[in-house]
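Single-letter residue listing:
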Amino acid sequence: MGSKGNDRRIDYVEFNVADIAAAKAFYGGAFGWTFTDYGPEYCEFQDGRLTGGFTTMGPVRTGGPLIIIYADRLEDTLARVEKAGGRILQPIFSFPGGRRFHFADPDGYELAVWSAQ
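What comes next is a walk through the structure.

Conventions adopted
- Think of each chain on its own: its residues are numbered from 1, step by step along the sequence as written.
- A pLDDT threshold of at least 70 governs which residues receive local features in this predicted model, and a stricter bar of 80 or more applies before side-chain atom pairs are shown or counted, although totals over entire chains, interfaces and linings include all residues.
- Computation of side-chain values: all heavy atoms of the structure, hydrogens and water removed.
- Strand pairing follows a simple DSSP-based rule, namely that at least 2 bridges must link the two strands.
- Per the convention used, a helix needs a DSSP run of H or I reaching at least four residues, while a strand needs a run of E reaching at least two, with both numbered from the N terminus.
- For cavity detection a 1 Å grid was placed over the protein atoms alone, and a set of points counts as a cavity when a 1.4 Å probe fits there but cannot get out; an open set counts as a pocket when protein lies on both sides within 12 Å along at least five of seven lines, with lining residues being those that have an atom within 4 Å of a point.
- Grid points are joined across faces, edges and corners, and a volume is the space filled by probe spheres set on the points.
- The nonpolar class holds Ala, Val, Leu, Ile, Met, Phe, Trp, Tyr, Cys and Pro. Asp, Glu, Lys and Arg form the charged class, and all remaining residues, Gly among them, are polar.
- The span expected for a helix works out to 1.5 Å for each residue beyond the first.
- Burial here depends on accessible area, computed with a 1.4 Å probe over protein chains only, as a share of the maximum for the residue type. Under 20% is buried, over 50% is exposed, and the range in between is partly exposed.
- The arc in question is traced by the directions running from the helix axis to the C-beta atoms.
- In protein, a polar contact means a hydrogen-donor-capable atom and an acceptor-capable atom, both N or O and within 3.5 Å, with residues adjacent in sequence counting only if both atoms are side-chain atoms; elsewhere, any N or O pair within 3.5 Å suffices.

**With respect to the pairing of strand β8 (residues 110-115)**
Pairing of strand β5 (residues 67-70) with β8, which is carried by four bridges, proceeds in the parallel orientation. Considered in β8, the bridge of I69 is made with V113. Where strand β7 (residues 98-104) meets β8, six bridges bridge the pair, whose relative direction is antiparallel. Considered in β8, the bridge of F103 is made with L111. The antiparallel hairpin formed by β7 and β8 contains five residues in its connecting segment, where G108 sits at a positive phi of about 95°.

**Notes on the layout of surface pockets**
There is about 610 Å³ of room inside the largest pocket. Taken together, 21 residues form the lining of the largest pocket, with W33, D47, I68, I69 and Y70 sitting closest to its centre. Those elements that provide at least two residues to the lining of the largest pocket are β1 (12-16), α1 (20-31), β5 and α2 (74-83). Broken down by element, the lining of the largest pocket gets its largest block of residues, four residues, from β5. Classifying every residue of the lining of the largest pocket by side-chain character gives 14 nonpolar, one polar and six charged. By volume, the second largest pocket is sized at about 190 Å³. Lining the second largest pocket are 14 residues, and of these V13, E14, G63, P65 and I67 lie nearest its centre. For the lining of the second largest pocket, the leading source of residues is β1, giving four residues. In the lining of the second largest pocket, the residues fall into eight nonpolar, three polar and three charged.

**As for α1**
In a regular helix each residue adds 1.5 Å, so twelve residues correspond to 16 Å; α1 covers 16 Å between its end C-alpha atoms and thus fits that length. All of the buried residues along α1 are I20, A23, F26, Y27, A30 and F31. Seen from one end, α1 has its buried residues packed into an arc of 130°, which puts them on one side. Opposite its buried face, α1 presents the exposed residues A21 and A25, each directed more than 90 degrees away. Two or three places before A21, at the start of α1, stands the capping residue D19, its side-chain oxygen 2.9 Å from that residue's backbone nitrogen. Phi turns positive, to about 75°, at G32, one or two residues after α1.

Listed below in structure tokens is the structure:
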């Protein structure tokens, strides 16, 4: 019998970015993420639950899987995203299970934020 744990679960998310400092400023400002630098080309982020990385070692790629972030207060989070330099792609809308909005970060990655409320 296989062990339960992290098998087949999202473990890490990595973004190729143009500027690590700008990515840190955006995600730190909008979501309060913390960071650990591993040299000039790599930075790990922690959101309190998931870790991932920002790297300048590859080309910036837009698209890919949609990463969705949870927020208790959706309107407050939308305002924080805009203040940090994000561009709203889809304003808040309802869907079965809650509400969400989509935004582009400064490098053009599309992400979403949802809330059950």
